[in-house]
Amino acid sequence: MSGGTTSVPPPSAAARVRAGRGRRAGWRWAGMTTPGLVAVVRARLGVGGAERRRADEAERGSAVVEFLGMSLLLLVPVVYLVLTLAQVQAAAFAAEGAAREAGRLLARAESLEAGASAARFAVELAFEDQGLDVDGAEALRISCAGEPCLAPGARVVVEVSASVDLPLVPDFVADAVPAAVPVTATHVTAVPQFREAR
Amino acid sequence: MLLTLAFGVLVLALVLVVASASAVHIERKRLLALADGAAADAADAIDLAAYYATPAGSPDAATRVPLSDASVEAAVQEYLRASPPALVAEFERLRVAEPTGTPDGTTAQVTLTATARPPLVPWALLPWSDGVALRVTSTARAG
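Residues numbered from 1 in each chain as written. Chains lettered and ligands numbered in written order. Predicted model: local features only at pLDDT ≥ 70, side-chain atom pairs only at ≥ 80, totals over all residues. Heavy atoms only, no water.

A. Here's a closer look at the overall build of chain B. Looking only at helices and strands, chain B features four helices and three strands. Taken from the N to the C terminus, the helices and strands of chain B come in the order α-α-α-α-β-β-β. By the burial criterion, 45% of the 143 residues in chain B qualify as buried. Put simply, of all contacts in chain B between residues at least 6 apart along the chain, 61% involve residues at least 24 apart. (Helix = DSSP H or I, 4+ residues; strand = E, 2+ residues; numbered from the N terminus. Buried < 20%, exposed > 50% of the residue type's maximum accessible area, 1.4 Å probe, protein only. Contact = heavy atoms within 4.5 Å.)

B. The arrangement of the interface of chain A and chain B in detail. Every contact between the two is made by 29 residues of chain A and, on the other side, 31 residues of chain B. Where chain A abuts chain B, roughly 2,600 Å² becomes buried across the two surfaces, and 69% of that area is made up of carbon and sulfur atoms. Looking only at chain A, the three residues that lose the most surface to chain B are A:Phe93, A:Glu96 and A:Arg155, adding up to 21% of its buried area. There are four salt bridges connecting chain A and chain B. The partner of A:Arg155 in a salt bridge is B:Asp41, and the shortest N-O contact between them spans 2.5 Å. Viewed at the interface, chain B and chain A are joined by eight residue pairs in polar contact (both at pLDDT 80 or more). When residues of the side of chain A that touches chain B are traced back to their parent elements, those giving at least two are helix 4 (62-107), strand 4 (155-165) and strand 5 (180-190) of chain A. (Buried area = accessible area lost by both parts, 1.4 Å probe. Salt bridge = Lys/Arg side-chain N within 4 Å of Asp/Glu carboxyl O. Polar contact = N/O pair within 3.5 Å; in protein donor to acceptor, adjacent residues only side chain to side chain.)

C. Summary view of the side chain of B:Thr4. Among the structural elements, B:Thr4 can be located in helix 1 (residues 2-42). Ignoring any residue separated from it by four or fewer positions in sequence, one finds B:Thr4 in contact with A:Glu66, A:Phe67, A:Met70, A:Ser71 and A:Leu74.

D. Quick look at the UniProt feature "transmembrane region" (unreviewed entry) in chain A. The feature "transmembrane region" (unreviewed entry), as given by UniProt, occupies residues 63-83 of chain A in the numbering adopted here. With 100% helix and 0% strand, the stretch residues 63-83 of chain A has end C-alpha atoms that lie 29 Å from each other. (UniProt positions renumbered as here; feature names shortened; annotations may be inferred.)

E. Molecular detail of the packing of helix 4 of chain A against helix 5 (residues 112-129) of chain A. Residues and elements named next belong to chain A. One way to put it is that helix 4 packs onto helix 5 with a least axis distance of 8 Å and a crossing angle of 160°. When the interaxial angle is binned, helix 4 and helix 5 end up roughly antiparallel. Both helix 4 and helix 5 take part in a crossing whose hand is right-handed. Contacts between helix 4 and helix 5 involve Ala-91, Ala-94, Ala-95, Ala-98, Glu-101, Ala-102, Leu-105 and Leu-106 on the former and, on the latter, Leu-112, Gly-115, Ala-116, Ala-118, Ala-119, Ala-122, Val-123, Ala-126 and Phe-127. A per-class count over the contact of helix 4 with helix 5 returns 15 nonpolar, one polar and one charged. (Axes fitted to C-alpha atoms, helices over the stretch in contact; angles between N-to-C directions. Parallel < 35°, antiparallel > 145°, perpendicular 65-115°, else oblique. Left-handed = near helix turned anticlockwise from the far one by under 90°. Nonpolar A, V, L, I, M, F, W, Y, C, P; charged D, E, K, R; others polar.)

F. Just the side chain of A:Arg100, in detail. Summarising the element assignment, A:Arg100 is placed in helix 4. Leaving out residues up to four positions away in the same chain, A:Arg100 has contacts with A:His187, B:Lys29, B:Leu32, B:Ala33 and B:Asp36.

G. Looking closely at the pattern of salt bridges. A complete count under the given rule lists eight salt bridges over all chains for this structure. A salt bridge links B:Asp36 to A:Arg104; the nearest nitrogen and oxygen atoms lie 3.3 Å apart. Within this pair, whereas B:Asp36 is found in helix 1, its partner A:Arg104 is found in helix 4, the two belonging to separate chains. Its relative accessible area of 43% is what places A:Arg104 among the partly exposed residues. Here B:Arg30 makes a salt bridge to B:Glu90, at a shortest N to O gap of 2.9 Å. With B:Arg30 in helix 1 and B:Glu90 in the loop between helix 4 (85-89) and strand 1 (92-101), this residue pair connects regions lying 60 residues apart in the sequence. Given the relative accessible area of 32%, B:Glu90 is considered partly exposed. Taken together, the shared-partner salt bridges in this structure form one network comprising A:Arg100, A:Arg104 and B:Asp36.

H. Main features of the state of the cysteines. Residues and elements named next belong to chain A. With the rule as written, the count across this model stands at one disulfide over all chains. One disulfide bridge connects Cys-144 with Cys-149, the sulfur atoms lying 1.6 Å from each other. Looking down the S-S bond of the Cys-144 and Cys-149 bridge, the torsion is -75°, so its handedness is left-handed. (Disulfide = S-S within 2.5 Å.)

I. Structural context of a negative patch on the surface. Residues and elements named next belong to chain A. Side chains of Glu-124, Glu-128, Asp-129, Asp-133, Asp-135 and Glu-138 sit close together on the surface and give a patch of like negative charge. Per-element accounting of the negative patch gives the leading share, three residues, to helix 5. Residue placement: Glu-138 occurs in helix 6 (residues 136-139). (Patch = residues over 30% accessible without salt bridge, like charges linked within 9 Å, V, L, I, M, F, W, Y side chains within 5 Å. Areas by Shrake-Rupley, 256 points an atom, 1.4 Å probe, with all protein chains shown as cover. Lys, Arg positive; Asp, Glu negative; His and termini not counted. Charge placed at Lys NZ, Arg CZ, Asp CG, Glu CD.)

J. Local environment of the packing of helix 4 of chain A against helix 1 of chain B. The interhelical angle for the contact between helix 4 of chain A and helix 1 of chain B, taken along N-to-C directions, is 0°, at an axis separation of 10 Å. One element, helix 4 of chain A, and the other, helix 1 of chain B, form an angle in the roughly parallel class.

K. Main features of the sheet that holds strand 3 (residues 132-141) of chain B. Residues and elements named next belong to chain B. Read from one edge of the open sheet, three strands run 1-2-3, paired in antiparallel fashion. Since the sheet does not close on itself, it has two edges, and those belong to strand 1 and strand 3, each with one partner. Adjacent strand axes in the sheet meet at a mean angle of 20°, parallel and antiparallel pairs treated alike. The pairing of strand 1 with strand 2 (residues 107-116) spans five bridges and is classified as antiparallel. Bridge pairing in strand 2 places Val-96 opposite Leu-112. On the sheet, helix 1 packs against strand 1, strand 2 and strand 3 and is oriented at approximately 30° with respect to strand 3. (Pairing = 2+ DSSP bridges.)

See below:
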């Protein structure tokens, strides 16, 4: 009890024999003795081993850097894809709405000229709503089946077509290769049957 | 590395799914526009038998365009037939469905159904291989 030291009793003879037998014969697995297997498992798990610990310290933080770097690398094309898709979808929405409104305006217009100019304005407005600048006269095409165009019961085909420039493409590239997506919408409108020909 | 790839795949899948959903929405809007046009055309598909059956002295005889289920149906078929092929061929399995006709004798009601397929992730729809069923109803009335 004095001195704070614990006395270790000397290993008994039986224990010495057991340990010796273990070292000599041991439990074998895959041609390896138990201590060898334990060392391999420890090395695999990364526990223990001063070199291994030093290597861990050297690589600490690299996973975060790798994650950020690769994310940026992957994110750039994904963001470009989002921008392009958003632009094309917005144009498709605008073209669809524009064709429909232009058809309705034409069907109830007083004259073909008045209807066409209102329809052109509607096309410009529809594209402006989606943040796109489109010339109404260029985008809108009205084709009549007969003469006069707005005859009672006649069908008028309204076609809206626009091309969406791919975002962030410099001019010299756009001149060399086609960098625009065409968007079209068609609507058929019927002129009311019970009205005068205009 | 694995984390980054999983993140990338997740973001890409999200983008494609949203884009496909809005593409299906655009297709539905186009189908609705087609139904609107058909209904507007059918609204003055007068049913002559009903028109002449209206008593001459009745108050709405002058302004009312009497319709019948048959006249509306015929007008819708004629409208779809006369539409440019590109407009009708855009829809897969385009069909005139119920209710098409006139509920009150003066209003034309047109229902169209079609099938939409998301253009960007067709494989995402493998469990529902018949596509997304679109169904629109439009009404119009001759004024």
